[in-house]
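Topology and contacts: notes
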Amino acid sequence: MIGLSTVWTSGTASAGRAIMDPILDLGFTAVEVEYRIPVHVFGELLPYLSGDRVTALSLHNYVPLPDVIPQARASADFFSLASLDRDTREKGIHFTIKTLETAHSLDVPVIVV
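I will try to describe carefully the structure that is included in this document.

About the criteria used
- Residues numbered from 1 in each chain as written.
- Predicted model: local features only at pLDDT ≥ 70, side-chain atom pairs only at ≥ 80, totals over all residues.
- Heavy atoms only, no water.
- Salt bridge = Lys/Arg side-chain N within 4 Å of Asp/Glu carboxyl O.
- Buried < 20%, exposed > 50% of the residue type's maximum accessible area, 1.4 Å probe, protein only.
- Pairing = 2+ DSSP bridges.
- Helix = DSSP H or I, 4+ residues; strand = E, 2+ residues; numbered from the N terminus.
- Right-handed = clockwise from strand over helix to strand, strands pointing away.

Glancing now at the pattern of salt bridges. In total, this model carries four salt bridges according to the counting rule given. Residue Glu-34 is joined to Arg-36 by a salt bridge in which the shortest nitrogen-to-oxygen separation is 3.2 Å. You can call Glu-34 buried: its relative accessible area is 3%. With a shortest N-O distance of 3.2 Å, Lys-91 and Asp-87 are connected by a salt bridge.

Rendered as structure tokens:
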């Protein structure tokens, strides 16, 4: 199965439909959900991802983007799991677990860490 990363549309999109519709218009039925998608926009993606229209092949840690990370500074390493700073590392673990829970709830087999 071939999928397209939502990074293709998510950088300029402020709504779930604006992310998914261009991908679906190209004929893709599978996606990799990237990490810059805020909670409210991710909520709008759920009908696509939990239905029969789109298969989520993977989630890129952290999904959805935690509210404590400004979207302009979003990075998969914002809270590094390898940080020597305990607080940073614990936040990374916390939000990685949230990503794992999201993947589990959507039956997504892979997360990218």
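The next point concerns the pairing of strand β3 (residues 55-60). One ladder, built from four bridges, connects strand β2 (residues 30-33) with β3; its direction is parallel. The partner of Val-31 across the bridge, within β3, is Ala-56. With respect to chirality, the unit in which β2 leads through helix α3 (residues 39-49) into the neighbouring parallel β3 is right-handed. Two elements, β3 and strand β4 (residues 111-112), share two bridges in a ladder whose sense is parallel. Bridging from a neighbouring strand, Leu-59 pairs with Ile-111 of β4. Viewed along the sheet, the connection from β3 through helix α4 (residues 86-106) into β4 turns out right-handed.

By themselves, these are just geometric observations and shouldn't be taken as functional.
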